[in-house]
Amino acid sequence: MSTTTTTTSNKPSQPPSPPPPQSSQKAEEEENIEIVSDDNDSDFSSIDSEIPFTNPPSHPFPSNPIMIDSLFTTPPPILDPFPTQTSILQSETIDEVLPFLTAQSQQPDLFTYNDFGVPSLRREAHISFLRSSLGRLPGRFVAADASRPWFLYWCLSGLAMLGEDVREYRDAVRETARSMQNPTGGFGGGGGQLSHLATTYAVVLAIALVGGEETYEVIDRRGMWRWLGGLKQRDGGFEVCKGGEEDIRGAYCAAVIITLLDLPLDLTPDSPAYKPDDPSFNLLTGVADYVRRCQTYEGGISGQPSAEAHGAYAFCALGCLALLGHPAKVIPEYLNLPSLLSWLSSRQYAPEGGFSGRTNKLVDGCYSHWVGACFPLIEAALASSSSSSGSSQPAANDSLFSREGLIRYILCCCQDQGKRGGLRDKPSKMSDAYHTCYVLSGLSAGMHQWVLDEDGEGEGEPGWMVLPYLEGEQVFEGRDRVRAVHPVYVIPQGAVRGMKGYFRGKGGF
Amino acid sequence: MPPKGKAAQKPKAGSSAAATKSPAATPAAPLSTKSTKATPDQQQPQSSTVAEKSKHNFTLCHPFEDLTGKNSLSALPTQADQLVWFASRLVTRLPVRSIGAKGQKDLWKTVNDHSLPPRGFNIRKHQKRQQQHKTADSRGRDIGEYSTKEWELRQEKRVTLSCLQLQSQRFRELRDRQKRGFVDSQTGDTVLVTDSEYLEEKQRRREMDRLKKELYGTQGMGRQGKLALDPEWDDVVPIVVEDPENALAAIAYSPDYAEAMSYLRAVMNSKEYSPRCLKLTEYIINLNPAHYTVWLFRAANIFALKLPILDEITWLNQIALENLKNYQIWHHRHLLVENYYPSISSDPAALSAFAASEREFLTQILAEDTKNYHVWSYRSWLVGKLGTWFNPEELKSTEDLIDQDVRNNSAWSHRFYLVFSDPENCTPGDKYAATEADPKVPGQIVDREVGYAEGKIRLAPQNQSGWNYLRGVLVKGGRELKSVQSFAEEFVMGLGEEGEGGEGEGTGEEVKSSHALDLLAEIYKEQGEKQKADLCLRRLVEKWDRIRGGYWQWRRDGLGLGEVAA
């Protein structure tokens, strides 16, 4: 009897009977392995050429006149006759994007335009691109050695927005995260690297994205809490790593980590911010004030006090504040909302339609997220503040930015048109995982609207409700809608709920 | 090995001694045992490869093997031959104990009488040697295929390698003695490894590595990277970390990088701060300048070793110019300045010299990338650290950049910081937010800055940098926006006059700056002229800045005019 068992286990499929059905877990593992090994090629670009590109059957190039508002086909109405380096680059960029916006730069076999002159989302190509980027990367990616956790987050978040089920990466995320965790708390860029707020943020979000209790349990929350205490500064901000710089990115990442992991807020005496005479000074004390100090005379937010307003930091500031309390209360309390909104709105250019990161800088697809994703937070703040506190700022009846412009820029200019797939800064740039993630997030912000539930979802937390944005003309095809992501955590709401619920349920470490 | 009998050791000295040295010297021998008494000068047949020669020698040494084939006695021609063969087999296999000294002696006598070459006795050894000859060289070529010339060259390399290994061993011993504080018995000095000896050893190891690779290829070599070859790193056991098998986004590191990281882990683990660690950080930074951990470790080394900060800054300048987009560099510089500042804070001359040299470098790097965010962030921080807001050179160099490109918003932003964070001109600290009025700002500063902004706006009215600056100055200085109303109106003519069939009519509206309309809308609103404000906003929605239509509409809603007819 026992010998028979041994033989069968040595030979998984017995000749006479059909192969035994594999358990679902096994199947998942196998699929996972296959995906990873698919990308095991040492040359990244050669994988790209091997990825078969499948497109929905393309209907012929639209025969009826394409409906594109002249806003997106002609240079802006006011142009100064005073060329400088900035204006020259700006007009070159307009020249670069116009053929894409007017459906003139197309490879008909790869790009399908609708009647609005907007191509469809190359979902499959972008999925392939992101899956490749999760695989083994060739040696020239060495500059990314300290940001490997970002690759996890960018790719998994991007895949989730494209509607993919990322749970198949659970085991791999678990193992990868373990190899990046330090015994003193937090995650570094890889084995032997110091824990860093940005890499920790990325790993925690990657874990939330794939979910699963076993995955959540990889995180050493006690170590994380102690480590965060060591980064907290007396001025309210956080160093990004021990001895590293202090900036608003650090504050946002810390707020995300603390709230997602439901960490206690107390500081231990070994924290540089510990105040023996003020026991109420905790991890989140003074963070909002730090954010306030980063608003500049332009209305936007800088990375650290006294620097230039920058789109990426605007999102960090708003996201951070939205985690510290009800956005409608906290955001107007610490920031000059009208000047911030004015600055944010100025980031959108025509004819490009996309956002720039700073005054007089060029559009870049990634600001679709950094700037575009600020609007749901601003709109939520305005909607509630006007109804409750009778503030002078009216609620936004309509969208505060041009959704059509943003969607046009993304679908026309940011999609790689070749076999590579992925999304990019602008047509002259190569796609990469970073841009793919944040352009998709911007696309999601453009396609949805968020409503903040006054009562919250319990635990004093605001409840975000998402709806497709349906006002006015929809220039994109319904099948091209991407999944909505939480306006602060930038991962699907279910992933946020899963992780928060798990740790809240634990009570203590 | 044959027993140490005299006869056994040197059966026919001349030939066998030569044979062990080089097979080429082994004489040819016919089958007959009598004639195996060969002489050294006898010519051997032509054999071009090592394998052929080896085979040839084997035949010489084992006159019967070819015939016996599978050790069959019957193949030998005579009984005497059979006896000799038998004796030769037994002599190396039977222990003396089993046959007694006499038996052994008889056996040897038989063998010696026939002058069989002793090396032929041990067939197994021969077979083993043949196996070795079959191995391939580093290029995958069978060593058996070597010509004798090539084979000799290879042997020479092996000898060289052995010598180098011996010398290397001697070096290690010497260093060990130095470590233990040994005293040279002859000179009475403590044993010391000199720098040139280190250097020699380093070169020696490179040579050894080269020879090893040439002789044996790279397989199974283990430690062979640059650091492993460096005698300076002998005492460090690198911490190798392999990514888990299914790791995501794993990078196929170059062997150099992987090795360097494993040494970095080891020295960081042991908290070693030393010149060699500093060198290691430089090496890694060259391979990957975006590695935040190595930068922090570098700073820790510099501070622990109390190295001159200005030297490090000089070194850093070059790295910064080569890596314009890297931001770790700027935090490193920040740490250096934090460390350096206390030593010059009370010396105005040193402080101003340092500020000047920093400014010179910042000007140089901004010329490469005029809007580099990290450079500008560092610059504003540095101004605050050194307290150089009011330094005319600082303001001048910022102005130069605005003159070069009036749309360089980073330069505008820096100007705002210089003027409105100067403790002379404002309330120190962060009592007032950037978007709030500060009562301490002197009127003449506001006048000066308004004038500056207006002058620049006239050059390029649609340049938002100037307008943002102007508005920022007015707000900070507590001025009413209407103080620039007439200035803003310069850029807007005949607003709303375009009308239905506006085009072609002589009095159409002319807007040279949408930002002027924006500001005017706010000015009119402040003054209660809501209709005028609404007109500005409406024209922005309709024509002058349509992409921001949603925002302008929201501003219209804020005027409280109710439903506005389109």
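Per an unreviewed UniProt entry, chain B goes by Protein farnesyltransferase/geranylgeranyltransferase type-1 subunit alpha and derives from Apiosordaria backusii. On record in UniProt, under Sequence similarities (unreviewed entry), the comment for chain B is "Belongs to the protein prenyltransferase subunit alpha family." The Cofactor (unreviewed entry) field of the UniProt record for chain B holds the comment "Mg(2+)".

Within an unreviewed UniProt entry, the label attached to chain A reads Protein farnesyltransferase subunit beta, and the organism entered is Apiosordaria backusii. Taken from UniProt, the Sequence similarities (unreviewed entry) comment for chain A reads in full: "Belongs to the protein prenyltransferase subunit beta family."

Caption draft 1: View of the overall build of chain A. The helix and strand inventory of chain A stands at 20 helices and two strands. For chain A, the residues scored as buried account for 61% of the 509 residues in total. Sequence separation of at least 24 residues holds for 70% of the intrachain contacts in chain A that already meet a minimum separation of 6. Carbon and sulfur atoms provide 52% of the accessible area of chain A, an area that totals close to 19,000 Å².

Caption draft 2: Molecular detail of the packing of aromatic side chains. For the structure on display, the rule yields 41 aromatic pairs over all chains. Summarising the aromatic geometry, the rings of A:Phe375 and A:Phe401 are spaced 4.7 Å apart at their centres and angled 25 degrees between planes, so their arrangement reads as stacked. Of this pair, A:Phe375 sits in helix H17 (residues 374–388) while A:Phe401 is found in the loop between H17 and helix H18 (403–413), placing the two residues 26 residues apart along the sequence. On the accessibility criterion, A:Phe401 (4% relative accessible area) is buried. Ring plane angle 40 degrees and centroid distance 5.9 Å describe the contact between B:Tyr378 and B:Trp381, whose orientation is recorded as tilted. Of the two residues, B:Tyr378 and B:Trp381 both sit in helix H16 (residues 373–386), three residues apart, roughly one turn of that helix. For B:Tyr378, a relative accessible area of 4% gives the class buried. Taking the ring centre of A:Trp343 as reference, the NZ or CZ of A:Arg347 above it sits at 4.9 Å. Above the face of the B:Trp233 ring, B:Arg276 is positioned so that its terminal group lies 4.7 Å from the ring centre.

Caption draft 3: Quick peek at the pattern of salt bridges. Throughout the structure, instances matching the rule amount to 63 salt bridges over all chains. As a salt-bridge pair, A:Glu404 and A:Arg408 come within 2.8 Å of each other at their nearest N and O atoms. Of the two residues, A:Glu404 and A:Arg408 are both situated in helix H18; the distance of four residues between them amounts to about one turn of the helix. Relative accessible area serves as the criterion here: at 25%, A:Glu404 is assigned to the partly exposed category. Taking relative accessible area as the criterion, A:Arg408 reaches 1% and is therefore assigned buried. By sharing partners, the salt bridges in this structure join B:Arg172, B:Arg175, B:Glu200, B:Glu201, B:Arg204, B:Arg205 and B:Asp234 into a single network.

Caption draft 4: The confidence of the model for chain B, seen in detail. Residue and element names in this part refer to chain B. When pLDDT is averaged along chain B, the result is 84, and 80% of the positions lie at 70 or above. Averaged pLDDT values for the elements of chain B fall to 41 in helix H2 (residues 13–21) and rise to 98 in helix H20 (residues 464–476). Counting contacts from residues 1–42, a segment whose pLDDT is below 50, to residues more than four positions away or on other chains yields 48 contacts.

Caption draft 5: Geometry of a nonpolar patch on the surface. On the surface, a nonpolar cluster with roughly 250 Å² of combined accessible area is contributed by A:Val451, A:Met465 and A:Leu467. One can find A:Leu467 in strand S2 (residues 463–468).

Caption draft 6: Structural view of the interface of chain A and chain B. The interface of chain A with chain B comprises 90 residues on the first partner and 72 residues on the second. Summing both sides of the interface, chain A and chain B together bury roughly 6,600 Å²; the carbon and sulfur share of this comes to 55%. Taken together, the links from chain A to chain B amount to four salt bridges. Notably, a salt bridge pairs A:Arg293 with B:Asp430, separated by 3.2 Å at the nearest N-O pair. Counting every contact that joins chain A to chain B gives 46 residue pairs in polar contact (both at pLDDT 80 or more). For the side of chain A that touches chain B, the residue count by class is 33 nonpolar, 40 polar and 17 charged.

Caption draft 7: Highlighting the packing of helix H8 (residues 148–180) of chain B against helix H9 (residues 195–216) of chain B. Residues and elements named next belong to chain B. H9 packs onto H8 with a crossing angle of 145 degrees between their chain directions and a minimal axis gap of 9 Å. Between H8 and H9 lies a crossing of left-handed hand. For the contact of H8 with H9, the residue count by class is nine nonpolar, four polar and 12 charged.

Caption draft 8: Examining the nonpolar core more closely. Among the nonpolar cores identified, the biggest contains 251 residues, and A:Tyr153, A:Met224, A:Leu228, A:Tyr252, A:Leu344, A:Met499 and B:Leu470 are the most heavily contacted of them. Looking at which element gives the most residues to this core, the answer is helix H8 (residues 197–210) of chain A, with 12 residues. Those residues in contact with A:Tyr252 that lie beyond four places of it in its chain are A:Tyr201, A:Phe315, A:Cys316, A:Gly319, A:Cys320, A:Val488, A:Tyr489 and A:Val490. Residues A:Ala146, A:Cys241, B:Ala299 and B:Leu335 belong to the second largest nonpolar core, which totals seven residues.

Caption draft 9: Quick peek at the side chain of B:Thr49. All names here are of chain B. Mapping Thr49 onto the fold places it in the loop between H2 and helix H3 (50–61). At a separation of 3.2 Å, a polar atom in the side chain of Thr49 contacts the main-chain amide nitrogen of Glu52. Apart from the residues lying within four places of it in its own chain, the contact partners of Thr49 are Gly144, Glu145, Tyr146 and Ser147.

Caption draft 10: Quick peek at the side chain of A:Gln90. Inspection of the secondary structure assignment puts A:Gln90 in helix H4 (residues 85–101). Of note is the side chain of A:Gln90, whose polar atom sits 2.8 Å from the side chain of A:Glu352.

Caption draft 11: Focus on H4(A). Residues and elements named next belong to chain A. Across its 17 residues, H4 extends 24 Å between first and last C-alpha, which sits within 8% of the 24 Å expected from 1.5 Å per residue. Those residues of H4 lying buried are Thr86, Ser87, Gln90, Thr93, Ile94, Val97, Leu98, Phe100 and Leu101. Elements that come into contact with the buried residues of H4 comprise H18. Phi turns positive one or two residues past the end of H4, at Ala103, with a value near 60 degrees.

Caption draft 12: Just the state of the cysteines, in detail. All names here are of chain A. Counted according to the given criterion, the structure contains zero disulfides over all chains. Unpaired in this structure, Cys366 has its nearest cysteine sulfur neighbour in Cys414, at a distance of 9.3 Å. Since its relative accessible area comes to 2%, Cys366 is described here as buried. There is no disulfide at Cys437, and the cysteine sulfur nearest it, in Cys155, is 8.4 Å away.

Thresholds applied
Sequence order as written defines the numbering, with residues in each chain counted from 1. By the order in which they are written, chains take letters starting at A while ligands take numbers starting at 1. Only residues with pLDDT of at least 70 are given local features in this predicted model, and only at 80 or more are side-chain atom pairs given and counted; all residues enter the totals for whole chains, interfaces and linings. Values shown for side chains rest on all heavy atoms present in the structure; no hydrogens or waters enter the calculation. UniProt positions are given in the numbering used here, feature names are shortened, and annotations may be inferred rather than shown by experiment. Secondary structure elements are taken from DSSP: a helix is a run of H or I of four residues or more, a strand is a run of E of two residues or more, and numbering for both begins at the N terminus. Only protein chains enter the accessibility calculation, which uses a 1.4 Å probe; a residue whose area is less than 20% of its type maximum is buried, one above 50% is exposed, and one in between is partly exposed. We call two residues contacting when some pair of their heavy atoms lies within 4.5 Å. Throughout, the Shrake-Rupley method with a 1.4 Å probe supplies accessible areas, and for residues the shown protein chains are the sole cover considered. Between 30 and 60 degrees the pair is tilted, below 30 it is stacked and above 60 it is edge-to-face, where a pair is any two Phe, Tyr or Trp rings, Trp via its six-membered ring, whose centres lie within 6.5 Å. The rule for a charge over a ring is simple: NZ of Lys or CZ of Arg within 6 Å of the ring centre, and within 35 degrees of the ring normal. For this document, the term salt bridge refers to a Lys or Arg side-chain nitrogen within 4 Å of an Asp or Glu carboxyl oxygen. pLDDT gives the predictor's per-residue confidence on a scale running from 0 to 100. Patch definition: residues above 30% relative accessible area lacking any salt bridge, with like charges linked at up to 9 Å and the nonpolar side chains Val, Leu, Ile, Met, Phe, Trp and Tyr linked at up to 5 Å. What gets called buried area is simply the loss in accessible area from a 1.4 Å probe that two parts show on being joined, summed for both. Here a polar contact is recorded for every N or O atom pair within 3.5 Å, except that within protein the pair must consist of a potential hydrogen donor and a potential acceptor, and residues adjacent in sequence are included only if both atoms are side-chain atoms. Three categories are distinguished: nonpolar for Ala, Val, Leu, Ile, Met, Phe, Trp, Tyr, Cys and Pro, charged for Asp, Glu, Lys and Arg, and polar for the others, with Gly belonging to the last. Helix axes use the C-alpha atoms of the stretch in contact, all axes being lines fitted to C-alpha atoms, and the angles between their N-to-C directions lie in the range 0 to 180 degrees. Helix crossings get a hand from a simple test, with the near helix turned counterclockwise from the far one by less than a right angle marking a left-handed crossing and a clockwise turn marking a right-handed one. To qualify as a nonpolar core, a set must consist of buried Ala, Val, Leu, Ile, Met, Phe, Trp, Tyr and Cys residues joined through side-chain atoms within 4.5 Å. A helix is expected to span 1.5 Å for every residue after the first. Cysteine sulfur atoms are paired as a disulfide whenever they come within 2.5 Å of each other.

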